[in-house]
Amino acid sequence: MATAPQCREAILAIKPYVPGKPIEEVQRELGVKDVIKLASNENPLGPSPDAVQALREASERVYLYPDGNCYYLKNALAEKLSVSTENIIVGNGTDEILKMLAEAYVNPGDDIVVAEPTFSEYEFAAQVMAGRAIKVPCRSFRHDLKAMAASITPRTRLVFICNPNNPTGTIVGQVVLDSFLKEVPPSVLVVLDEAYADYVTAEHYPDSLAYIRHGRANVIVLRTFSKIYGLAGLRVGYGVAVPEIIRNLNRVREPFNVNLLAQAAAIAALKDEAHVKKSREVNIEGKQYLYEQFTTLGLQYVPTEANFIFVDIQRDSRTVFQELLKRGVIVRTGDIFGYDTYLRVTIGTPRQNERFIQALREVLGRA
Ligand SMILES: *Cc1c(COP(=O)(O)O)cnc(C)c1O
């Protein structure tokens, strides 16, 4: 018998990403018709109508390769963010940029430093490159930057700060971040993942782009069109850093990594500031409603700066998850983050929030 093809040892330890359950799957498997998804932090208002119009128009051109350089999107971003186009890389979602970062900076046996719990894609990207994630427990659900700085080794290449943090919704403030950056060796690249930046209301949230404008050489800021811009299905994210970092990422980038429809929609979405403002308002309103309801139900939650809430439902979250599914509500269980009695729920429209609370009351026996 011939031996089977051998894959790389390093990838055997990788556990495939567990995505939020798709609406169609719940409809198919449980026969529930009216399903709402509060599991992946998508914008419940959907995309800007301008983005949809741009998509329609761009659809005529899909026989052409997209612009591999994302010229117009980069220009629109550069203007909005007051940086140069040389400071920007665009990815097929921020996820792709995370992978590019690992490909460009992590050698086999190198370390990355991450918080625990946090977004799982950082560790994934490092593992693909045979790197190792050093996980630093959060304190009161917040990044412990002192401990993270102390965990940096000579083999550390990347430190990830998820700000606001997924799944806890907490932020790292300007002062704390400033002193952290003073401690980090210049050889270590600090990745500030700001996927939820547009939802933040706290005044001490860092002005991270100022680091880049001042030429700080070991910081990259990541943002996405998947969350407040409502374009998760198109896959567009971007990174902002000094040109040298951008050049290194471009070395490992696929030539046509951002598709033509995604580029067109992202440009239009960026211009529609009214849609972003509305989305933010709906989120703030929904947050207040859910806080009140959780308090009424006697449930502890982590105050959030994002569009999701990490809430302790005081019993096995997988059971509650299944019961909510039967009632057509998809959320995220905390067990994947190491919190068996927590749920992470996306803040939806007022109607969706009410449906979630109604279903939760039933499941908890408080209907
Ligand atoms: C959703 C999310 C992203 C964005 O991923 P995309 O690939 O751009 O859809 C990045 N980081 C965190 C923490 C997220 O929750």
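Just so you know, the residues in each chain are numbered from 1, in the order the chain's sequence is written. With pLDDT at 70 or above as the cut-off, local features in this predicted model cover only qualifying residues; side-chain atom pairs require 80 or more to be listed or tallied, and sums for whole chains, interfaces and linings still use all residues. Note that water and hydrogens are dropped before the side-chain values are worked out from all heavy atoms of the structure.

### Comments concerning the environment of Arg132
For step 1, the next point in the chain: Helix and strand assignments follow DSSP, with helices taken as H or I runs no shorter than four residues and strands as E runs no shorter than two, numbered in order from the N terminus. Residue position: Arg132 is located in strand β4 (residues 132-137).
For step 2, the next point in the chain: Separated by 24 residues in the primary sequence, Arg132 and Thr156 have C-alpha atoms spaced 9.2 Å apart.
For step 3, the next point in the chain: Engagement of the side chain of Arg132 in a polar contact is seen with the side chain of Asp111, the distance being 3.0 Å. Side-chain atoms alone can form a polar contact between residues adjacent in sequence; in general such a contact is a pair of N or O atoms within 3.5 Å, and within protein one must be able to donate a hydrogen while the other accepts it.

### Digging into the environment of Ile36
For step 1, the next point in the chain: Among the secondary structure elements, Ile36 is positioned in strand β1 (residues 36-37).
For step 2, the next point in the chain: Pairs of residues are marked as contacts when any of their non-hydrogen atoms sit within 4.5 Å. Setting aside residues no more than four positions away along its own chain, Ile36 makes contact with Gly328, Val329, Ile330, Gln352 and Arg355.

### Quick look at the UniProt feature "modified residue: N6-(pyridoxal phosphate)lysine" (unreviewed entry) in the protein chain
For step 1, the next point in the chain: UniProt positions are given in the numbering used here, feature names are shortened, and annotations may be inferred rather than shown by experiment. According to UniProt, the feature "modified residue: N6-(pyridoxal phosphate)lysine" (unreviewed entry) maps to Lys227 in the numbering used here.
For step 2, the next point in the chain: Locating Lys227 in the fold gives a position in the loop between β7 (219-224) and β8 (237-240).
For step 3, the next point in the chain: Here the term buried applies to any residue with accessible area under 20% of the maximum for its type, exposed to any over 50%, and partly exposed to those in between, with areas from a 1.4 Å probe on protein chains only. The exposure class of Lys227 is buried, given its relative accessible area of 14%.
For step 4, the next point in the chain: At 3.1 Å, the side chain of Lys227 forms a polar contact with the side chain of Tyr196.

### Observations regarding the nonpolar core
For step 1, the next point in the chain: Here, nonpolar core refers to any group of buried Ala, Val, Leu, Ile, Met, Phe, Trp, Tyr and Cys residues whose side-chain atoms link them within 4.5 Å. Of all hydrophobic cores here, the largest spans 54 residues; its most connected members are Leu73, Leu177, Phe180 and Phe225.
For step 2, the next point in the chain: Looking at which element gives the most residues to this core, the answer is helix α10 (residues 260-271), with six residues.
For step 3, the next point in the chain: An automatic or database domain assignment is the source of the domain bounds shown. Summarising the domain contributions, this core has at least three residues from each of domain 1 (9-46 + 274-364) and domain 2 (61-271).
For step 4, the next point in the chain: Of all hydrophobic cores here, the second largest spans 29 residues; its members include Ile36, Ala39, Ile313 and Leu364.

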